[in-house]
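In case you want the letters, here they are:
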Amino acid sequence: KGSISPKGKAREGEREARAVREMDRGLFMAERQTAEGYWTLLPCGKRGRARWRGRRPRQSRMHQYCGVSWREVPIATLCTAVMPQEREFRIDQGSSPSYRDDIALLQRKGRLKEQDPLIDFMISMHSTHTSQEVMEKVQEWIKEHMNDSRCSKIRTLIPGIGKFHKELDLVGALHEYDAFSSLTKRKFVPANFAELRHILNIAEVHASAPTIKLTSFDADGTLYKDGQHLKNNSAMVELLIGLLQQEVNVAIITAAGYPGQESRFEERFSGLLKAFRDLNLSASVLKRFYVMGGECNYLLKVDRDYRLRFVDRAEWASDALLSFEEGDITALLDNAQDLLLETASTFKLPVQVVRKERAVGIIPSEPAVYEVLEEIALTAKLKLEGMTDLPFCAFNGGADCFVDVGNKGLGLEALTSHLSCSPTRVIHFGDRFTTTGNDAITKRKFPTVWVANPEETAWFIRLLLKDLEKA
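Now for a look at the structure at hand.

Thresholds, definitions, all that
- Residues numbered from 1 in each chain as written.
- Predicted model: local features only at pLDDT ≥ 70, side-chain atom pairs only at ≥ 80, totals over all residues.
- Heavy atoms only, no water.
- Helix = DSSP H or I, 4+ residues; strand = E, 2+ residues; numbered from the N terminus.
- Buried < 20%, exposed > 50% of the residue type's maximum accessible area, 1.4 Å probe, protein only.
- Contact = heavy atoms within 4.5 Å.
- Salt bridge = Lys/Arg side-chain N within 4 Å of Asp/Glu carboxyl O.
- Pairing = 2+ DSSP bridges.
- Core = buried A, V, L, I, M, F, W, Y, C linked by side-chain atoms within 4.5 Å.
- Phe/Tyr/Trp six-rings, centres within 6.5 Å; stacked < 30°, edge-to-face > 60°.
- Expected span 1.5 Å × (residues − 1).
- Arc of directions from axis to C-beta.

Here we come to the overall build of the protein. Counting its secondary structure elements, the protein contains 21 helices and 15 strands. Looking at the protein residue by residue over its 471 residues, the buried ones come to 48%. Sequence separation of at least 24 residues holds for 62% of the intrachain contacts in the protein that already meet a minimum separation of 6.

Next up, the structure:
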């Protein structure tokens, strides 16, 4: 009697949740504890009615719930009157708010974001090898592959294996990672994809540090979270400035392209530019910082007023980039737009089209499942390959799909040529190295560090800075 205790309220909430699940399954059974007692809905009979069980509630309370007497209450009346809020969880139409919420919940970057033939093979090796044995073998195979890439053992085992730019000390990286993860002490749980990715990253950073001249970074998902900007209070700002002060060139390479609009790029990197100004960095430091937009189509540098300025394409672009004809670009973007809209229509996905000077994309008007965006990007990629000779990048951005003229690989090649820097002295940090990721092309041409979020990027930059300080 009286008010319900906190534990009673918790039990009441659990019963209500169970009631909703059972009624959604068609069992029409529910249970609720109130100050007056328990009620139970029985399976619906011929008359579609249920009887109140337990201690009889006060007549006024029953009228408050459903407006009828306690003896026999229609199921529908109880479902809508007794628990109106809970019934909103039922998904009846694709346009209902609850449906959109559930789709938003299902948006993810799961297994599709973990695609790599080498790491997948290393995972399979753990069924018959320890982590130590896996690293020893793969380390030797990489060394052999660098000497003879066509007939190497690793090429036989993994036909799609790419190029290795440096010998990797995977055994040493395993021991370093094991110091805080205790990976080798596990007997029943083998290394997972992320752990092997971390070990490869550690080995790559240590191998690159002695000769590093250029570090390049993807923006969204690598330096800052998707949809955000590089803020002044971000720890990433200090780390990037640390690289510049170690006489390492820093380039941010983003898919975002704003031709003729320096202010749009400045907005994205306002925190970093403000830090440059506050620290009064010298021209000798500032000249090592670059922003490349539109994958490979625009290059910006910082002037003495700490503002971004476009660099004339003729000063830095490679012959491959300068050979793009406007007619070919227009045809590529027209075909890409048609394919993106056609595939989105197949999935009944409402989208908005974004058309730029050298890019076209679609942004879903409502939340979309990651795999659907992956299918749209892959469809565009495969079909466009037979329609154009221009290099392009069709990628799934996680919340959109875009087709850009050119790719980050071409952009990095042009920048390394501009800096007179060999590919082996570059390391690229990115978060999208899957088939439809716009960082994937860089992996074929340069050493890379694969991260999942800005926190991981910061960790590996600190590791690189430690190596540079020791040198």
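Picking up where we left off.
Attention now goes to the pattern of salt bridges. For side chains of opposite charge, pairing can occur when their charged atoms come near one another. Scanning all chains against the criterion turns up 14 salt bridges. As a salt-bridge pair, Arg-186 and Glu-195 come within 2.9 Å of each other at their nearest N and O atoms. Judged by its relative accessible area of 9%, Glu-195 falls in the buried class. The salt bridge partner of Arg-355 is Asp-334, with a shortest N-O separation of 2.9 Å. Taken together, the residues Arg-355 in strand S10 (residues 351–355) and Asp-334 in helix H17 (residues 326–346) connect sequence positions 21 residues apart. Judged by relative accessible area, which is 35%, Asp-334 ranks as partly exposed.

The next thing to look at is unusual backbone geometry. We note that Asn-280 has phi near 50°; this positive angle belongs to a residue other than glycine. Its location among the elements puts Asn-280 in the loop between helix H13 (270–279) and helix H14 (283–286). The phi dihedral of Lys-348 is positive, around 55°, even though this residue is not glycine. Within the secondary structure layout, Lys-348 lies in the loop between H17 and S10.

Time to look at the pairing of S10. When S10 meets strand S11 (residues 359–364), the two strands line up antiparallel, connected through five bridges. Each bridged residue has a counterpart across the sheet, and for Gln-352 the counterpart in S11 is Ile-363. With antiparallel pairing between neighbouring strands as the criterion, S10 and S11 make up a hairpin whose turn holds three residues.

In terms of nonpolar packing, the biggest core is built from 75 residues, with Phe-276 and Phe-289 touching the most fellow members. Beyond its immediate stretch of four places on either side in the chain, Phe-289 contacts Leu-244, Val-250, Ile-252, Leu-272, Phe-276, Leu-300, Lys-301, Val-302 and Leu-308. Within the second largest apolar cluster, 43 residues are counted, among which are Cys-296, Ala-380, Leu-412 and Cys-421.

One pass over the structure, following the stated rule, counts 12 aromatic pairs. On the basis of an interplanar angle of 85° and a centroid distance of 6.0 Å, the ring pair of Phe-265 and Phe-310 is categorised as edge-to-face. Placement of the pair is Phe-265 in helix H12 (residues 262–268) and Phe-310 in strand S9 (residues 308–310), with a sequence separation of 45 residues. You can call Phe-310 partly exposed: its relative accessible area is 26%. Aromatic ring contacts, followed pair by pair, group Tyr-177, Phe-180, Trp-459 and Phe-460 into a single cluster.

Moving on: helix H9 (residues 170–181). In this model H9 runs 16 Å from its N-terminal to its C-terminal C-alpha over 12 residues, within 8% of the 16 Å that 1.5 Å per residue would give. Looking only at H9, the buried set comprises Leu-170, Val-171, Ala-173, Leu-174, Tyr-177 and Asp-178. Projected down its long axis, H9 shows its buried positions confined to an angular sector of 155°, all on one face. Those residues of H9 that are exposed and aimed more than 90 degrees away from the buried face are Ala-179 and Phe-180. Looking one or two places after H9, you find Ser-182, whose phi comes out positive at around 55°.

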